[in-house]
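Working through the structure, step by step
Residues per chain, in single letters:
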Amino acid sequence: MAEHLRLGHVAADIAAGEFFSDYISKRQPVVILGLPDDPSFRADKWTDLDYLTSKAGDIDVLVEPMHPTTRQFGTDVERVSMPFRDFLASLGREHGPHHYLTTQYADEDEGAETVLPPPTNALADDFPRAPRMMGRLFLQQVNLWVGRSADGSSSGLHHDFHDNLYCLLRGRKRFVLFPPREVAHLYPHGTLDTLHPNGLITYEGTVPRADGLARRVACTARVRALERKLDALPNGKGKGKSSAHARERKRLLALHDEALDELASMELDEHGGGEDDFDALEGVLDDGGEEVDPGSVSVDGGEGDDSESVAGLSVSGDMEKEPLSFSRIPTALLHKHLNLPTTAVLPPAQSADSFPALCETTAPYVVELSAGQMLYLPASWWHEVTSSSDVDSGDGVHMAFNYWFYPPDALETFDEPYKDTLVWEYLRNKTDRNVEGPRDGKRKPEDRGEGSSNSKKTKR
């Protein structure tokens, strides 16, 4: 196959409402000419490695070595922990291969992953919690990607489980993109369970919802939200008001009981039938308390694993060697099939005969992204990413920063992009209460989807 499709592009000052209606709601990728135009977005300062070291050098990070055989990232090679300053210094070595800073998830300490994983937690005053143009989408996680490769290094073909706003700060990235419906032809490690209407792919043995929220987290949030509504009911005065309040209390109590029953059932299914419903329910609510945090939880209820290099769902709590969302097709074979230049090496005993359905895919988009540009990629779009340094770059470093958002499943409305409004209203309010300063949750008129004729074009 030699045919490639070209992806459209838009200006970075596009109104949030227009961006939602033209791209997010249509689940359509697009190149954005510029970086976020929010005044608080200063991540372009990170291209100065001295500045980056001074801000976050003491933070420990996990970096991924290149696979010695296939010469690519996104494999089962064990990652290495080191101070961020040591990793940045290692990129100055003349000869590689160099390690790659990818998604910061913890194999042994699941609780270590947050919305702002290292080193972004030390850089948080250099970017908005969510860019203006993304409207009402709910942030799942951010991540910083740093590596060095003059000839190009590949992530491997895979898909993620959240919407991605990918900001390229240095270097070049070539993306090969297939739509989610091509899952039948791209040989994932997982067995397909559901292709949701919003494009989200889920696999057998996992329990995600279409909005990417873990069912257990959503149910716990529903219980808390209903409790708050019950607590907020006033003591009505007068016969008419008292009657209306009594009816509303009765309705909310019934919904609360249903949510408690569902939560107890999940707990029993997860841990067996050794305790009664009440004991199981007390355990999960005592553990969760008020700390219902969707941002650190991926669609399977474990920690978020989306990435260029590592993305997937666990099955019954156990991680396969390769994540479920990664394709079995070797990168070298994919590149050969598409007539693309490659540095990847075909593994022994692998050939095109092993993947006959690859020839049945539609023509992919091939996107050449340059520094100072962004790519919006809806959840579960398949992508293989080849990262390269600029030929005129003195240190040969490539760098990107991205936002992941929970995939919207109410695609008709900008203001409420998630169907489960009770749960998402609770989570949004809880998050807003924990955000201060420039991330106080306040929204300008253009953030609510209203166009602005005075919006300034980004100067990047």
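Residues numbered from 1 in each chain as written. Predicted model: local features only at pLDDT ≥ 70, side-chain atom pairs only at ≥ 80, totals over all residues. Heavy atoms only, no water.

As a further point, take the overall build of the protein chain. When helices and strands are tallied, the protein chain shows eight helices and 15 strands. Looking at the protein chain as a whole, 56% of its 460 residues qualify as buried. Put simply, of all contacts in the protein chain between residues at least 6 apart along the chain, 78% involve residues at least 24 apart. By element, 48% of the accessible surface of the protein chain is carried by carbon and sulfur atoms, the whole surface being about 20300 Å². (Helix = DSSP H or I, 4+ residues; strand = E, 2+ residues; numbered from the N terminus. Buried < 20%, exposed > 50% of the residue type's maximum accessible area, 1.4 Å probe, protein only. Contact = heavy atoms within 4.5 Å. Areas by Shrake-Rupley, 256 points an atom, 1.4 Å probe, with all protein chains shown as cover.)

Quick look at the pattern of salt bridges now. Any two side chains of opposite charge can pair if their charged atoms end up close together. Counted by the stated rule, this structure contains eleven salt bridges. Here Asp-211 ties to Arg-209 by a salt bridge, and the two come within 2.5 Å at their closest N and O atoms. With its nearest N and O atoms 2.8 Å apart, the salt bridge here joins Arg-216 to Glu-267. With Arg-216 in helix H4 (residues 215–232) and Glu-267 in helix H5 (residues 239–271), this residue pair connects regions lying 51 residues apart in the sequence. (Salt bridge = Lys/Arg side-chain N within 4 Å of Asp/Glu carboxyl O.)

We now examine the pairing of strand S13 (residues 374–377). Moving residue by residue along a regular strand, the side chains alternate between the two faces of the sheet. Judged by which residues are buried, S13 turns out to be covered on both faces: Met-374 and Tyr-376 on one side and Leu-375 and Leu-377 on the other are all buried. The pairing of strand S2 (residues 30–33) with S13 spans three bridges and is antiparallel. Bridge pairing links Val-30 to Tyr-376 in S13. Inspection of the sheet shows strand S8 (residues 163–170) paired to S13 by four bridges, in the antiparallel sense. (Pairing = 2+ DSSP bridges.)

Bringing unusual backbone geometry into the picture now. Cis rather than trans, the peptide bond between Pro-118 and Pro-119 has omega equal to 0°. Here Pro-119 is to be found in the loop between strand S5 (100–101) and strand S6 (139–148). Look at Asn-339: it is not a glycine, yet its phi comes out positive at around 60°. Positive phi outside glycine occurs at Ser-380, with the angle close to 70°. Among the structural elements, Ser-380 can be located in the loop between S13 and strand S14 (382–388). For Ser-380, a relative accessible area of 1% puts it in the buried group.

On to the packing of aromatic side chains. Taken as a whole and judged by the stated rule, the model has 19 aromatic pairs. When the ring of Phe-84 is compared with that of Phe-87, the centres are 6.4 Å apart and the planes differ by 20°; the resulting orientation is stacked. You can see Phe-84 and its partner Phe-87 sitting in helix H3 (residues 84–90), three residues apart, about one turn around the helix. Summarising the burial analysis for this pair, Phe-84 and Phe-87 share the class buried. With centroids separated by 5.3 Å and ring planes inclined at 80°, the aromatic side chains of Tyr-166 and Phe-175 adopt a geometry described as edge-to-face. Chaining the aromatic ring pairs together yields one cluster made of Trp-46, Phe-127, Phe-401, Tyr-403 and Phe-405. (Phe/Tyr/Trp six-rings, centres within 6.5 Å; stacked < 30°, edge-to-face > 60°.)

When pLDDT is averaged along the protein chain, the result is 81; 75% of the residues meet or exceed 70. pLDDT under 50 marks residues 296–320. Its contacts with residues more than four places away, or in other chains, come to 100 contacts. (pLDDT = per-residue confidence, 0-100.)

Read across the open sheet, the four strands follow the order S7-S14-S9-S12; overall the sheet is antiparallel. Of all the strands in the sheet, just strand S7 (153–154) and strand S12 (365–370) have a single pairing partner and so form its edges. Where strand S9 (residues 172–178) and S12 come together, six bridges link them in antiparallel fashion. Bridge assignment links Arg-174 to a residue of S12, and that residue is Glu-368.

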